[in-house]
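Secondary and tertiary structure notes
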Amino acid sequence: MITGTRKPMEEIRAMIAPFGRVLVAGCGTCVAECASGGEKEVALLASQLRMDAKLRKISLEVGEITLDRQCVYEFIDQLTPFLENYDAVLSLACGAGVQAVAEVFPQWVILPGLDTGFLGETREAGLWLENCRGCGECRLHLFAGVCPITRCAKRLFNGPCGGSRAGQCEVSPEVQCAWHLILERLERQGRMDCLEEIYPPCDWSRHQGRGPRKIQREDQRA
Amino acid sequence: MKHRSNLQAVLEGAHFAVTAECGPPRGADSQALREKAQILKGCVDAVNVTDNQTAVVRLCSLASCAILKEMGLDPVLQMTTRDRNRIALQSDLLGASALGIRNVLCLSGDHVCFGSEPQAMGVFDLDSIQLLYAARTMRDQGKFIGGGALSDPPKLFLGAVENPFADPLGFRARRLAKKVAAGAQFIQTQCIYNLERFREWMKQVRDLGLDQKTHILAGLTPLKSARMARYMKEKVAGMDLPDAILERMEKVPASKQTQEGIKIALETIEALREIPGLRGIHIMAVEWEQVVPQLVADSGLLPRPSVDRGQ
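Values in this document were obtained by computation on a predicted structure and should not be read as measured data.

**A look at the interface of chain B and chain A**
- Taken together, the contact between chain B and chain A spans 33 residues of the former and 30 residues of the latter.
- In total, about 2,500 Å² of surface goes out of reach between chain B and chain A, with carbon and sulfur atoms giving 53% of it.
- Broken down residue by residue, the surface that chain B buries against chain A is led by Asp167, Phe171 and Lys178 of chain B, which jointly contribute 22%.
- Viewed at the interface, chain A and chain B are joined by one salt bridge.
- Here Arg174 of chain B and Glu196 of chain A are joined by a salt bridge, their closest N and O atoms 3.4 Å apart.
- Applying the counting rule to chain B against chain A returns 19 residue pairs in polar contact (both at pLDDT 80 or more).
- Only helix H5 (128-141), helix H6 (172-182) and helix H8 (226-235) of chain B provide two or more residues apiece to the side of chain B that touches chain A.
- Of the residues in the side of chain B that touches chain A, the class split is 14 nonpolar, seven polar and 12 charged.

**A closer look at unusual backbone geometry**
Residues and elements named next belong to chain B.
- With an omega of -5°, the peptide bond between Leu302 and Pro303 qualifies as cis.
- As for its placement among the helices and strands, Pro303 is situated in the segment after helix H11 (291-298).
- Located in the positive-phi region is Thr54, a residue other than glycine, with phi close to 50°.
- Looking at where Thr54 falls in the secondary structure, it is placed in the loop between strand E2 (46-49) and helix H3 (61-70).
- For Thr54, a relative accessible area of 39% gives the class partly exposed.
- Positive phi outside glycine occurs at Phe124, with the angle close to 45°.
- Tracing the backbone shows Phe124 in the loop between strand E4 (103-107) and H5.
- Since its relative accessible area comes to 2%, Phe124 is described here as buried.

**What about the nonpolar core?**
- Phe198, Leu272, Ile283 and Val292 of chain B are the most contacted members of the largest nonpolar core, which totals 69 residues.
- Each residue touching Val292 of chain B, except ones within four places of it in the same chain, is listed here: Ala20, Leu40, Cys43, Val44, Ile283 and Ala285 of chain B.
- Formed by 24 residues, the second largest nonpolar core is a distinct cluster that contains Phe157, Trp179 and Leu195 of chain A together with Phe171 of chain B.

**Focus on the sheet that holds strand E8 (residues 278-283) of chain B**
Residue and element names in this part refer to chain B.
- Around the barrel, eight strands lie side by side as E1-E2-E3-E4-E5-E6-E7-E8; this closed barrel has parallel pairing. Within the sheet, the average angular offset between the axes of one strand and its neighbour, ignoring direction, is 30°.
- Pairing between E2 and strand E3 (residues 75-80): three bridges, direction parallel. Bridged to Val49 within E3 is Leu77.
- Each of strand E5 (157-162), strand E6 (186-191), strand E7 (215-220) and E8 is contacted by helix H7 (residues 195-207), which is oriented at about 170° to E7, the strand it contacts most.
- Sitting on the sheet, helix H10 (residues 257-273) is in contact with E7 and E8, with an inclination near 160° to E7.

Cut-offs used in this document
- Residues numbered from 1 in each chain as written.
- Chains lettered and ligands numbered in written order.
- Predicted model: local features only at pLDDT ≥ 70, side-chain atom pairs only at ≥ 80, totals over all residues.
- Heavy atoms only, no water.
- Contact = heavy atoms within 4.5 Å.
- Buried area = accessible area lost by both parts, 1.4 Å probe.
- Salt bridge = Lys/Arg side-chain N within 4 Å of Asp/Glu carboxyl O.
- Polar contact = N/O pair within 3.5 Å; in protein donor to acceptor, adjacent residues only side chain to side chain.
- Helix = DSSP H or I, 4+ residues; strand = E, 2+ residues; numbered from the N terminus.
- Nonpolar A, V, L, I, M, F, W, Y, C, P; charged D, E, K, R; others polar.
- Buried < 20%, exposed > 50% of the residue type's maximum accessible area, 1.4 Å probe, protein only.
- Core = buried A, V, L, I, M, F, W, Y, C linked by side-chain atoms within 4.5 Å.
- Pairing = 2+ DSSP bridges.
- Axes fitted to C-alpha atoms, helices over the stretch in contact; angles between N-to-C directions.

The structure is reproduced here in structure tokens:
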């Protein structure tokens, strides 16, 4: 899931200030799962904006809509009949959704209502953890299912640094040391020999070294 | 130009080696560096120059090493992977060799969040083991890690660090084995206050035969005060300072704590010299280089050996 957190009210208020009619557009998938951009959050933000405008005696019309996804054209198209009534869209999608909508409607102002976070896991209600950086070359099998690129602050491939304390990372003491977890699991699995291997430098060009990435699958194309 | 560094020749000559650390200044004036180096000259076999230690911007390690070299010292270039990618690192390795700097210590480095520029992007393109591997590949195979040939292989004596006290304890010796396999010819350890745990680690090291494959130098930081001891114990990541040492420092009056710290360091050196497989000491007297000549002299480690470095 792609996580996002809603921008502070001050920032949203400044962004929409030039516009009299704003459509708050939610996204029903990832950001709904992380409770920042689904239908509920759209309703909440829209009423906050209306109240705020009223208190400040500003004329502001706020509409609400939530698409299943803002990153897929078939869903984005559902905005078409509504746009004429608004000066700007305040999108509560991730950055990919905001850009996809802006791409489809280049003549409209599309504003980001969220700060996009990371690829995460919902650990429990209200707790999301970053587990994957989308590096393009998954090596989780080598590291007992714990990604050192994402979960080690120094992205170490060949064992822990010397700074962890009682299994916690020196950089963020509330975070478990990824290498501590890797070692614990490998030991439990009787696979400590995995650690003798010297893993070569990462091929970052598969990550972000060459600008935006693309997946094109002929078998999926019409 | 001599083929071997002084440090390599001392270690290969089976002498008990003494190295010390020298932190460059936070400015472009080399005078402070020269003064520190002058203090260390003659009483150590090589001088480590830290690479933006604790992620604080300082005069660069490579330039500092060149200055030390010019003053007649044998510099150890500390190189962290935190700030430079593999292009810059390999380029600096060539630069070091061209300047006659032979010793390179490969580290990942302290995280940027602890330093003077916490907003910086930590590079970590390679880790310390991959840097060792890269340096060895350049030296022994005449190739860059990208695969391309280089015209004149750098002459390097490669080192790495190990923290015998870091978690998880049972894995530390095996991690050392990995560093040795990647090319570490010498090892400098985190500073030692817990001798018992260090002896245990050295036993693991010997059991793996690693003392035969690499030269291990034990790290040492003399305590200046009880306050410093408390700080080291509580604030420095990966440090193991036993309660007994802290209590010993706190028991003496403030005016005598420095003396007590030196006494502890001398006792530690004496104990370290008895440990089988240990090949030297590395003194990290942070901003207190003046104590180094005294420690070395009082330990009976002077004069430093004069060695043949080959052609």
